[in-house]
Amino acid sequence: MRVSRSDPGQEHEATLIGRVNRGERELFYELIRPYEKRVFVIAFMILRNEADAEDAAQDAFLKALKYLAQFRAESRFSTWLIQVAINEARLRQRKSHFEIMRPIEDQENEDGTYTPRDIADWREIPSEALERKEIREKLIAALGSLAQKYREVFVLRDVEHMSIGDTAEALGISAGAVKTRLLRARLMLRDLLAPGLDGAWAGHSQIPKGTKPWS
Amino acid sequence: MVLKCEDVWREISNYFEGDLDPALKQALEEHFTQCPRCQSVRDGVSNVIKLYGDKAMLPLPAGFDARLHDRLAERIEGQRGSSLGWLGVAATAALAALTLFASAHDRSLPQPRAQMSQPARRLPQRLVAVVDGGKTFHVPGCPFMHGKYHMVTAEEAVREGYAPCSRCMYEALRSAGYVTPDFEGEEVASSETAAK
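Criteria and thresholds
Residues numbered from 1 in each chain as written. Chains lettered and ligands numbered in written order. Predicted model: local features only at pLDDT ≥ 70, side-chain atom pairs only at ≥ 80, totals over all residues. Core = buried A, V, L, I, M, F, W, Y, C linked by C-beta atoms within 7 Å. Buried ≥ 20, exposed ≤ 12 C-beta atoms within 10 Å, placed from the backbone. Contact = placed C-beta atoms within 7 Å. Helix = DSSP H or I, 4+ residues; strand = E, 2+ residues; numbered from the N terminus. Axes fitted to C-alpha atoms, helices over the stretch in contact; angles between N-to-C directions. Parallel < 35°, antiparallel > 145°, perpendicular 65-115°, else oblique. Left-handed = near helix turned anticlockwise from the far one by under 90°. Nonpolar A, V, L, I, M, F, W, Y, C, P; charged D, E, K, R; others polar.

Some thoughts on the nonpolar core
Phase 1 of the analysis: Counting residues in each nonpolar core, the largest one holds 84 residues, and the members touching the most others are A:Val39, A:Ile42, A:Ala43, A:Ala57, A:Ala60, A:Ala85 and B:Val130.
Phase 2 of the analysis: Discounting residues that sit within four places of it in the chain, A:Val39 has contacts with A:Ala57, A:Ala60, A:Phe61, A:Leu81, A:Ile82 and A:Ala85.

Concerning the interface of chain A and chain B
For an interface, size is often stated in terms of accessible area lost upon the parts coming together.
Phase 1 of the analysis: On the chain B side, the residues contacting the 52 residues of chain A number 41 residues.
Phase 2 of the analysis: Ranked by the residues each element gives to the side of chain A that touches chain B, the list is headed by helix α9 (residues 175–193) of chain A, at eight residues.

Things to note about unusual backbone geometry
All names here are of chain A.
Phase 1 of the analysis: Positive phi outside glycine occurs at Arg-48, with the angle close to 60 degrees.
Phase 2 of the analysis: Following the sequence through the fold, Arg-48 ends up in the loop between α3 (36–47) and α4 (50–66).
Phase 3 of the analysis: Taking the C-beta count within 10 Å as the criterion, Arg-48 has 17 such neighbours and is therefore assigned partly exposed.
Phase 4 of the analysis: Even without being a glycine, His-161 presents a positive backbone phi close to 60 degrees.
Phase 5 of the analysis: Within the secondary structure, His-161 sits in the loop between α7 (148–159) and α8 (164–171).
Phase 6 of the analysis: Judged by local crowding, His-161 falls into the exposed class, with 11 C-beta atoms found within 10 Å.

Here we look at the packing of α7(A) against α8(A)
Residues and elements named next belong to chain A.
Phase 1 of the analysis: In the contact formed by α7 and α8, the axes pass within 9 Å of each other and the chain directions differ by 140 degrees. In terms of orientation, α7 lies oblique with respect to α8. The element α7 and its partner α8 pack so that their crossing is right-handed. Here Glu-152, Val-153, Leu-156 and Arg-157 of α7 lie close against α8, whose contacting residues are Ile-164, Thr-167, Ala-170 and Leu-171.
Phase 2 of the analysis: Residues of the contact of α7 with α8, tallied by class, amount to five nonpolar, one polar and two charged.

Section: the environment of A:Val84
Phase 1 of the analysis: Among the structural elements, A:Val84 can be located in helix α5 (residues 77–97).
Phase 2 of the analysis: Overall, the presence of 26 C-beta atoms within 10 Å leaves A:Val84 in the buried class.
Phase 3 of the analysis: Linking A:Val84 and A:Ala170, residues 86 residues apart in sequence, is a C-alpha distance of 8.9 Å.
Phase 4 of the analysis: In this structure, A:Val84 is in contact with A:Ala60, A:Lys63, A:Ala64 and B:Met151, ignoring residues within four places of it in sequence.

See below:
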């Protein structure tokens, strides 16, 4: 869709794809290396389980190898690969949970306005806090508590830094829907991460006034 | 331009995307100077974007790369054949013997009709687009496809109870020589499962 022939990265990718398809299959490693983490992360945020996500990611790469000859340069290879990964994770999710396990929040109307909580003493969580495993786990739990449609958009745009357009294409939704869900996801996470509030971030522990749980 | 808090909340994500016209951006910034609540929303959202966007946030599990390469190697190097040397020759011979045995065994048994007709009705190994909430699958880009979609293999689509689009997919399958007269019959009529 937006393939720019002047982009050397994409030209290199197109060359690699051609060579893999002509039989130099070991070049597939080089082709997918930049996207290993992205494929794992999207599978992880759909399935919310590391082992399942790794299996889904492996299956997605195998499937991408199998169907590489069908990849058409109208879209980016990375977007196509993410589509394959999302699909693999969703299939696995359907097989293991069926519909009854889908979070209730999926039913909510995303067009409704969301009112962010009034938090008087917002404090910044510094990036250095990510060095602590329990902080990362709480952030992952907060994101995992969102309905899937918000998790998927948020993880592609804000975790993996894909563009709005590529996120929309990967998920098969409009750019407008990406923006609406992104807004909601960011506001909900902001509320979940606010210190002192109940929820996935703060849990039920009482945080003494004036202290930062992450410092 | 005077904004209400609700207007600010609606635009806060676009503010961070840099997706606002200059007048609206300026109005938001003026609002922030006077509204502690919206400042807190802005700072909180900024924090969310910064933290989750950090590379350290979701590292790959230890050994992920090696395990992935092991699985891919089975497929990539396994198909080169000769690279396995004598082991490969032995394995090929064993497989050939097994295949001969299996086909001899098959001939000695009556086969059900469905099994005999399977090769002609087997679906091509290609990715197709399934519209969410719909009942059909399409060649990506089919003009009769509307709304959100995801990609699955044709086999998966059929297994999940989706029917081929009577325009794009039927045409694609027929031109590829895959369609037999009963294609639209039993194979696509299986019950719709957890596909919505």
